[in-house]
Amino acid sequence: RKRYIAMIKRLLLLLFVLPVIANSCTTSRTLTNSTDGDTTCLSNRFLFLLVDHIEGRIIFGGNILGDGSDDDAEVGSITLEPLPASVDVDSREGYVQVNSGFGDSDSTMHDTITITLSEDDRFFEVTTSTNGNLSLTTPFYRNFLFKTSSITAFYEGGPVQMKDANKDKGFFYSGENLLRVYSLGAEGGDVSDTIPSRALNAGVDIMFEEEASKSIIISGSSNLDDEEYLSGFKTVLIGDLPSGKMDVWGAELDASASTSTSTSTSTSSFKLGATNRDLPSLSIPQDWSPSSLPLVDLQSYLTGIYASPVGCLCTHVNQVEEGQTLGQIATTIARPDRGYSNTYNYFDPDNYISTSAILLSMEPYLQAEVKKVLMRNGDMMNTTTGQLPHHFEGANPVYQALSGEIQTGPNVFWVMSCFNYAKTSGDLDWLKSYMPTLRTATNFLYDLFQEDADFKLASVPGSLMVDVFLRSNYTSDTNAMLVGFFREFADAEEATGNSTGAEDLRDLADDISEALMAHLWDTADDDHFITQLNPDGTTRDFVDYDSNLMATAHQVTNAEQAKKVLARVDSGQCRKGVTFVSEVWYGEDDTTGGNTGDSWCAMGRHAWFDSLSRKLYDTYENFEALILDPLQTHLTESTFMHERLSCDGTQQQNRTAMYFEYPSVTAMITMKIKYGLEPGLTDFKVHPFYSSSPVFRWQAENILVDFSPAEVTLSLARGLHAEDTAETTISLTKLLADSDFSVKNNCENEVQEVQSDSTGSLEFDTTMGLKCEVTIKAMA
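Criteria and cut-off values
Residues numbered from 1 in each chain as written. Predicted model: local features only at pLDDT ≥ 70, side-chain atom pairs only at ≥ 80, totals over all residues. Heavy atoms only, no water. 1 Å grid on protein atoms, 1.4 Å probe; cavity = no way out; pocket = protein on both sides within 12 Å on 5 of 7 lines; lining within 4 Å. Points joined across faces, edges and corners; volume = space filled by probe spheres on them. Helix = DSSP H or I, 4+ residues; strand = E, 2+ residues; numbered from the N terminus. Disulfide = S-S within 2.5 Å. Buried < 20%, exposed > 50% of the residue type's maximum accessible area, 1.4 Å probe, protein only. Pairing = 2+ DSSP bridges. Axes fitted to C-alpha atoms, helices over the stretch in contact; angles between N-to-C directions. Parallel < 35°, antiparallel > 145°, perpendicular 65-115°, else oblique. Contact = heavy atoms within 4.5 Å. Nonpolar A, V, L, I, M, F, W, Y, C, P; charged D, E, K, R; others polar. Polar contact = N/O pair within 3.5 Å; in protein donor to acceptor, adjacent residues only side chain to side chain.

## Digging into the layout of surface pockets
Link 1 in the chain: By volume, the largest pocket is sized at about 1100 Å³.
Link 2 in the chain: Sorting the residues of the lining of the largest pocket by element identifies helix 4 (350-359), helix 6 (409-425), helix 8 (476-495), helix 12 (604-617), helix 14 (661-674), strand 26 (677-679) and strand 27 (683-686) as the ones contributing at least two each.
Link 3 in the chain: Considering every element that reaches the lining of the largest pocket, the biggest residue donor is helix 8, with seven residues.
Link 4 in the chain: By volume, the second largest pocket amounts to about 780 Å³.

Structure follows, in structure tokens:
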């Protein structure tokens, strides 16, 4: 009779009581504990948590602003499986403890979950303990259920991600240590005419301090008992995982096949975050506020990195081929199929862009996963010619583009991706050891120059970045990119001790730049580079925006010519497309196999070089209006984006969904262009673009920039270990002009005195590392 009454009470609780009380348990302006009948609420201005006293269910949610101006999001719940026979809740200020009991006097199990919250914290601290002597025929689980759809799990062996899975792909069982799980975004997610915005505005994030070693990641509402939830995971508290294939997305396994346990103890500790935006909430800096960094910029950075490009990583075992652990990355997230099915590692420049964004997370775990991807391509390089794979089909390298053409892009952008890894991680030891491989890859590019030619231009077999466009011979796209490429390679040679090689490469870049102006600049219109010059002297010209913007980004032109190029780009009929491919249509005779799919669209890769050029030669207002605002609006309203934009700036619905490119570029231009944060091999630039007197605070795991014109505080990892340091040249702009500054560094004893010039710029050398905090302060 008692058991029957308890079941009725639980049913009434789920149907009528919890939905009402959950709405009354919200974020509060101060730290609050309250108990009302069979529920307890714990909240501060960023988070709320509701515990029911009947079955021990914990419902939680959050609010990123914490000022009452925005609606809270209820994002998930935590339950035990099986449900407890008894629940006791202890509550006081900033503290809730839930004690659950199972079994009878002869055979018992106890679970305790303790949750603490401080007044200004953006996360709950959670500890758990489970012990007893209850015999089990199935495992004893803790269930984490989320109302968000795309779930990503960081395991020791690499990340896995899934969205909207069906029953045969909805479960991922693993015995690896689970480090972190976050989930975000709405179910479905394709942008359409009828649903132009698909952001859910909800995110949950759990970071284990004591790793969970047995877990099940779940995707898809049809795979969860309660269909209001779209994803989640289970950790095994007592017992074993069901027998079956591990570390692969598949159907649910029979839990009764697990080993029963009579006496055992399980403990865990983790941070739990929740918010009302589609981003991983534990990546929000603890002291963030809109006054330190506008919400749209924080969201563009975190959503741009964690929602799409991170989910493209396929570095965990079995993600590409069963039984293999491969450093590969796709072009879309899994849902459960991926765009460009079973192909990976396109550095043409697709995965140059996605890995650039991931590296800018400044999160060592993710930077290490990118390194695996880079090494995978390096391992498959043709050591005779230096040619790199264009992509992989499954585990097999392919050296031609999907169009059948040979492209220069993979060699150029893969090498630059390796430099990006070294810059953001500070791992110069790896770069020094890997330079011979990078030099071999560059041989493929050296071979494009004809020794008997009167000028220094590469003669190429195909397009650099748009593989279906027929371009060959002396093209402006590859040669414009090579100017920047060889200058960057020179910096790498300098950083690794080869100053003579660096000088030679800078001379080569200058020679290419001069030849571009002499042979590919349109002297008649005097405002752009033509597409190509052929050996017989004939030319082709589509007024390509990619090559022209690469040329201005790499300072091939002078300032006056660059402004003419930008004016020509802006005069095009499709300026609302960020950024369009060309002024002149590439028709069926101008594309491989008549494929005109990329002839009438905008591409994120073009927007990247457009942004670099605007920072050099245009106003911030134009950059913001033409590029930054449209992309940030798309990303914050959609979370996941299609592969291309149309002439009118809308997302092209017939192009690949959940694509990495525009989200990645949006994160990149927010951090590197607007705020001007650029970790280098031996330097660190902070060159803000957006204001004459910028004030902001940018913080991620391995970087801190607290900036104002009168005072700047910096910290930056310069190696793989917290104690690693390196001599670094600091370059700052937008400071007080013609002013004296003191430089204090807790890693150095002496205080430097430096002076800004008439533009508010200064440079100095100091020791940088994660434990070094450098403060540059205007002197009275």
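## Examining the state of the cysteines
Link 1 in the chain: Counted under the stated rule, the structure contains three disulfides.
Link 2 in the chain: The disulfide bridge from Cys747 ends at Cys772, spanning 2.1 Å between sulfur atoms. Of note, the bridge from Cys747 to Cys772 carries an S-S torsion of about -100° and is left-handed in sense. Residue Cys747 is located in the loop between strand 32 (740-745) and strand 33 (752-755), and its partner Cys772 is located in the loop between strand 34 (762-769) and strand 35 (774-778); the two are separated by 25 residues in the primary sequence.
Link 3 in the chain: Assessed through its relative accessible area of 1%, Cys772 is described here as buried.

## Looking at the sheet that holds strand 27
Link 1 in the chain: What the four strands build is an open sheet, ordered 26-27-31-34; its pairing is mixed. Two strands lie at the open edges of the sheet, namely strand 26 and strand 34, each paired on one side alone. In this sheet, adjacent strand axes meet at a mean angle of 20° when their direction is disregarded.
Link 2 in the chain: Here strand 31 (residues 725-732) pairs with strand 34 via eight bridges, running antiparallel. Looking at strand 34, one finds that Glu727 is bridged to Thr767.

## A closer look at the packing of helix 4 against helix 6
Link 1 in the chain: Closest axis-to-axis distance for the helix 4/helix 6 pair is 10 Å, and the angle between their directions is 0°. In terms of orientation, helix 4 lies roughly parallel with respect to helix 6. Residue-level inspection shows Tyr352, Thr355, Ser356 and Leu359 of helix 4 in contact with helix 6, the latter providing Phe413, Met416, Ser417, Asn420, Tyr421 and Thr424.
Link 2 in the chain: Grouping the constituent residues of the contact of helix 4 with helix 6 by class yields five nonpolar, five polar and no charged.

## Remarks on the sheet that holds strand 16 (residues 215-219)
Link 1 in the chain: Pairing is antiparallel across the open sheet formed by ten strands, whose spatial order is 1-2-3-4-5-10-17-16-13-18. The open sheet has two edge strands, strand 1 (32-36) and strand 18 (249-250), and neither has a second partner.
Link 2 in the chain: Pairing analysis gives four bridges linking strand 13 (residues 171-174) to strand 16, with the strands arranged antiparallel. Within strand 16, the residue paired with Phe171 across the bridge is Ile218.

## Considerations on the side chain of Thr130
Link 1 in the chain: Looking at the secondary structure, you find Thr130 in strand 9 (residues 124-132).
Link 2 in the chain: Residue classification places Thr130 among the buried residues on the basis of a relative accessible area of 0%.
Link 3 in the chain: Of note is the side chain of Thr130, whose polar atom sits 2.5 Å from the side chain of Asp111.

## A short note on unusual backbone geometry
Link 1 in the chain: In this chain, Arg335 is followed by Pro336 through a cis amide linkage whose omega measures -15°.
Link 2 in the chain: With respect to the helices and strands, the residue Pro336 is situated in the loop between helix 3 (309-312) and strand 20 (343-344).
Link 3 in the chain: With omega at -10°, the peptide bond leading from Val578 into Thr579 counts as cis.
Link 4 in the chain: If you check the backbone angles, Val543 has positive phi at about 50° while not being a glycine.
Link 5 in the chain: Mapped onto the elements, Val543 comes out in the loop between strand 25 (539-540) and helix 10 (545-553).
Link 6 in the chain: Look at Met658: it is not a glycine, yet its phi comes out positive at around 55°.
Link 7 in the chain: Structurally, the position occupied by Met658 is in the loop between helix 13 (620-638) and helix 14.
Link 8 in the chain: Among the residues examined, Met658 registers a relative accessible area of 1% and is labelled buried.

Keep in mind that these numbers describe shape and distance, not what the molecule does.
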